[in-house]
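# Structure at a glance
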Amino acid sequence: MIRANPEALYGAFVDPAALVEWLPPGRMTGSIQTFDGRVGGGYRMSLLYPEDEREFRGKSAEREDTVEVRFVELTPPARIVETIRFASDDPQFHGEMTMTATFEPRGEGTEVTLLFENLPSGVRPADNEEGARLSLEQLAARFEA
């Protein structure tokens, strides 16, 4: 639950400036190389691990996860479906996963749900869930501060 309207939250998923602020989980940072905000379009984003990170290794480079996202469905302000591919030489990170974001008005806020399907074999579901949780906490902080 996030204390914001669905339109504002949906907008944060399709605004490149907003994405780099809330999407990189935890202490990661991000940069967007390309962005095309229409169905069939998408974006390329690099997520950078902090210099002192010792536990996780990047999928694309030593301290970097680069993703290529394609918008499959954009139904403002209720639903976004996108496919995500990691730019990686490691076959366990190959493949296309799908993320469906839904925005349901609930009282004075919005219930935001992220559903991930077809995770690459190298992505542990628990790690993916934790990263999504951290990102959503940052999204909430953006609106609730």
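Here goes a summary of the coordinates provided. Per chain, residues are indexed from 1 in the order of the written sequence. With the structure being a predicted model, the display of local features is reserved for residues of pLDDT at least 70 and the display and counting of side-chain atom pairs for 80 or more, all residues being used for whole-chain, interface and lining totals. Note: side-chain values were computed over all heavy atoms of the structure, leaving out hydrogens and water.

## Looking at the nonpolar core
Where a protein is soluble and globular, its nonpolar side chains tend to be buried together. We define a nonpolar core as any set of buried Ala, Val, Leu, Ile, Met, Phe, Trp, Tyr and Cys residues linked to one another through side-chain atoms lying within 4.5 Å. With a 1.4 Å probe rolled over the protein chains alone, any residue whose accessible area is under 20% of its type maximum counts as buried; one over 50% counts as exposed, and the rest are partly exposed. Core analysis: the biggest nonpolar cluster contains 30 residues, and F13, F103 and L139 have the highest contact counts within it. Secondary structure is summarised from DSSP: a helix means a run of H or I of at least four residues, a strand means a run of E of at least two, and numbering begins at the N terminus for each. Only helix 1 (6–13), helix 2 (16–22), strand 2 (42–48), strand 3 (64–75), strand 4 (79–86), strand 5 (97–106) and helix 3 (125–144) provide two or more residues apiece to this core. Should any heavy atoms of two residues lie within 4.5 Å, those residues are considered in contact. Those residues in contact with F13, other than ones at most four positions away along the chain, are L19, W22, F71, I80, M99, A101, F103, V112, L114 and L139.

## Quick look at the layout of surface pockets
Only protein atoms enter the calculation, which uses a 1 Å grid: trapped sets of points that fit a 1.4 Å probe without letting it out are cavities, open sets showing protein on both sides within 12 Å along at least five of seven lines are pockets, and any residue with an atom within 4 Å of a point is a lining residue. Grid points are joined across faces, edges and corners, and a volume is the space filled by probe spheres set on the points. In this model, the largest pocket occupies a volume close to 950 Å³. Taken together, 39 residues make up the lining of the largest pocket; nearest its centre are P25, K59, D65, D127 and G131. Mapped by element, the contributors of at least two residues to the lining of the largest pocket are helix 2, strand 2, strand 3, strand 4, strand 5, strand 6 (109–117) and helix 3. The element contributing the most residues to the lining of the largest pocket is helix 3, with seven residues. Three classes are used: nonpolar for Ala, Val, Leu, Ile, Met, Phe, Trp, Tyr, Cys and Pro, charged for Asp, Glu, Lys and Arg, and polar for all others, with Gly counted as polar. Split into classes, the residues belonging to the lining of the largest pocket amount to 24 nonpolar, six polar and nine charged.

## What about the packing of aromatic side chains?
Geometry of aromatic contacts follows a simple scheme: Phe, Tyr and Trp rings, the Trp one being its six-membered ring, pair when their centres are within 6.5 Å, and the pair is stacked under 30 degrees between planes, edge-to-face over 60, tilted otherwise. Across all of its chains, the model carries seven aromatic pairs by this definition. Ring centres 5.9 Å apart and planes at 55° place the aromatic pair Y43 and F71 in the tilted group. Of the two residues, Y43 is situated in strand 2 and F71 in strand 3; the sequence distance between them amounts to 28 residues. Taking relative accessible area as the criterion, F71 reaches 1% and is therefore assigned buried. Every member of this aromatic cluster is reached through a ring pair, and the members are Y10, F13, W22 and F103. A ring is considered to have a charge above it if a Lys NZ or an Arg CZ atom is located within 6 Å of its centre and within 35 degrees of its normal. Positioned above the aromatic ring of F143 is the side chain of R142, whose terminal nitrogen or guanidinium carbon lies 6.0 Å from the ring centre.

## Some remarks on unusual backbone geometry
Of note, the amide linkage connecting P76 to P77 takes the cis form, showing an omega dihedral of -10°. Of note, P77 is situated in the loop between strand 3 and strand 4. Positive phi is not limited to glycine here, since N118 has a value of about 60°. Tracing the backbone through its elements, the reader meets N118 in the loop between strand 6 and helix 3. Residue classification places N118 among the exposed residues on the basis of a relative accessible area of 57%.

## Quick look at the sheet that holds strand 6
At least two bridges found by DSSP between two strands is the condition for calling them paired. A sheet is described by the order of its strands in space; here six strands give the open sequence 1-2-3-4-5-6, paired in antiparallel fashion. For this open sheet the edge positions go to strand 1 (29–36) and strand 6, each flanked by a neighbour on one side alone. With direction set aside, neighbouring strand axes in the sheet form an average angle of 25°. Relative to strand 2, strand 1 runs antiparallel, the two being bridged by seven bridges. Paired with F35 across the bridge in strand 2 is Y43. Lines fitted to C-alpha atoms define the axes here, with helix axes fitted over just the stretch in contact, and angles between the N-to-C directions of these axes take values from 0 to 180 degrees. Contacting strand 5 and strand 6, helix 3 crosses the sheet at an angle of about 155° to strand 6.

## Quick word on the pairing of strand 4
Strand 4 sits mainly inside the fold: six of its eight residues count as buried. Relative to strand 4, strand 3 runs antiparallel, the two being bridged by eight bridges. Bridging across to strand 4, R70 finds its partner in T83. Remark: three residues form the turn of the hairpin made by strand 3 and strand 4, two consecutive strands paired antiparallel.

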